[in-house]
Structures are given as C-alpha cells and as structure tokens.
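# Chains, contacts and geometry: an overview
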Amino acid sequence: MLTQFAERRLEDELDKYDHWANRFEDLPLYFMTFHGQQGIRTVIDTMQHAVYVYDICHVVIDNLQFMMGHEQLSTDRIAAQDYIVGVFRKFATDNNCHVTLVIHPRKEDDDKELQTASIFGSAKASQEADNVLILQDRKLVTGPGKRYLQVSKNRFDGDVGVFPLEFNKSSLTFSTPPKNKTRLKKIKDEAGPVAKKPSSGKKGATPQNSEICSGKAPILDQPDTSKPSK
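Residues numbered from 1 in each chain as written. Predicted model: local features only at pLDDT ≥ 70, side-chain atom pairs only at ≥ 80, totals over all residues. Heavy atoms only, no water.

## Considerations on the pairing of strand S3 (residues 131–138)
The following threshold applies: Each residue gets one of three labels from its accessible area relative to the maximum for its type: buried under 20%, exposed over 50%, partly exposed in between, using a 1.4 Å probe on protein chains only. For helices the rule is a DSSP run of H or I covering at least 4 residues; for strands it is a run of E covering at least 2, with both sets numbered from the N terminus onward. Two strands are counted as paired when DSSP detects at least two bridges linking them.
Of all eight residues in S3, six are buried; the element is thus mostly enclosed. As paired elements, S3 and strand S4 (residues 146–154) share eight bridges and run antiparallel to each other. Opposite Leu135, over in S4, you have Leu149 as the bridge partner.

## Section: the pairing of strand S2 (residues 98–102)
On a regular strand, each side chain points to the face opposite its neighbour's, so the side chains alternate between the two faces of the sheet. Judged by how many residues are buried, S2 sits mostly within the fold: five of five residues are covered. Side-chain alternation along S2 places His98, Thr100 and Val102 on one buried face and Val99 and Leu101 on a second face that is also buried. In the sheet, strand S1 (residues 58–62) pairs with S2 via five bridges, with the strands oriented parallel. Each bridged residue has a counterpart across the sheet, and for Val60 the counterpart in S2 is Thr100.

## Observations regarding the packing of aromatic side chains
Note the threshold: Only Phe, Tyr and Trp rings take part, Trp by its six-membered ring, and two of them pair if their centres are within 6.5 Å. Stacked means planes under 30 degrees apart, edge-to-face means over 60, and tilted covers everything else.
In this structure the tally under the stated criterion is four aromatic pairs. With centroids separated by 5.1 Å and ring planes inclined at 55 degrees, the aromatic side chains of Phe167 and Phe174 adopt a geometry described as tilted. Through a chain of ring-to-ring contacts, three or more aromatic side chains come together here, namely Phe5, Trp20 and Phe24.

## Points about the pattern of salt bridges
A side chain of one charge can pair with a side chain of the opposite charge if their charged atoms are brought near each other. For the record, the criterion: The salt bridge criterion pairs a side-chain nitrogen of Lys or Arg with a carboxyl oxygen of Asp or Glu, the two atoms within 4 Å.
The full count for this structure, using the stated rule, is eight salt bridges. Measuring nitrogen to oxygen at the nearest pair gives 3.1 Å for the salt bridge that ties Glu13 to Lys16. Taking relative accessible area as the criterion, Glu13 reaches 23% and is therefore assigned partly exposed. Salt-bridge contacts for Arg155 lead to Asp130; the nearest nitrogen and oxygen are separated by 2.7 Å. Of this pair, Arg155 sits in the loop between S4 and strand S5 (161–168) while Asp130 sits in the loop between helix H6 (124–128) and S3, placing them 25 residues apart in sequence. The exposure class assigned to Arg155 is partly exposed, which follows from its relative accessible area of 46%. Note on Asp130: relative accessible area 11%, which makes it buried. One connected set of salt bridges, linked through shared partners, spans Arg8, Glu13 and Lys16.

Quick look at the structure:
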C-alpha cells in the first residue's frame, strides 16, 4: 500500500522512504487485525467499536467468502451469505457508515463478461447494495487482457457505465489509460474526409477530439451520503 500511495517504487528511492512513510501514517486509515476466516459477530463488534471510537465513515470488507467459514447458522451456504449481507446492510443503516463488501464471483467462461447474476449466492447481495461495481478482466490469446471497472447498479441516479483500467507496474496501481492516438486517428479516417474551409491565411489551434473508451470480482457498495468518508 505504501508503494501505491507514493506511486513509485520506494525500493529504488530509499532516501524518500521515511518521507512517504510519515505521510502514510497521517492518513485516517485503520486496519482490523483479523486474518483468515472470522465470525460475523466478531467483525460487526469491531466495526461498531471503530465507528464509536474513531468516527469511521467507510469500512471495506475483503472478502465475504472468508467470513462464511465460521457461520454455524445453517449448512446452506446461500442462507449464510444472505444473513451476512443483511447484517452488513443493517450496520450501514444504523451507524450511518458506508460499507464496501468484496465478493468473489462464481466461475464463468473466459469469453463471457461477468454480470450481476455472476455474484456468488442469491440475488439478495445485489438487491441490498446501493451500488454494484464489477472488475472485468477480458483475457486475450494474442496479448495482455483488457481490464475495466463496470458500474452495473447505481441506486443514486441510475447512471451506469464502464471505466477502462491500465496497470502501472512501477506503482502497482490501476488508472484510466491515456487517450489512444492511434485509435482516434482510425476513427477519424473511417468517418471519411472532412470538407475543408477556405484558408483565411491565419494559423489557429486545431481542436482535438476526445474519446471515452468503453471497456473480474464484484464489489458491492452501501453508501452513506450524510457525511464524508475519512
């Protein structure tokens, strides 16, 4: 996370390590000391304590499948998942706290995109969530795959869409790639010749076209709009 925060490989710039480490310590960021499978009640109690003591506004749970291992409510994994999702939904509402819940999808064919129905379990997870984000990973035989973030549900205003992602190896981060000039030129050529206006003898700036590229684990969001996240 420190490499991602600094957006550079600190192994190659050890003289700047203390500077970025001190800045990282100043972030209002807290970690639960759990590792592996945990009971849902233990996790909820820890979250409630964090909200009370540190005034936490946003909790990220990664991931749902880990917590399901200790559930003794039923041998039915679908029922156990529905219970956990309902508990997190209630926590978000009662504590006025945003909850992001990561759920790994069920297996799909490589040539198929993930859908909301690809979320493991019943439809309760997507129904309870206010936002559903899906990380798509299209594998290609001829080269690196294409990754993009898909907004498949937006309860706030209904707008959905995709954001193309490009991996930066040096900073270990994903970001929106720069405009592909080659692709823009191809689109311009396919559109056909453009009529030229008579030259006025003056030089001016040529307007540039802009393009929004359309582009795997689902991420379920339960936002709180009453106060900003820390």
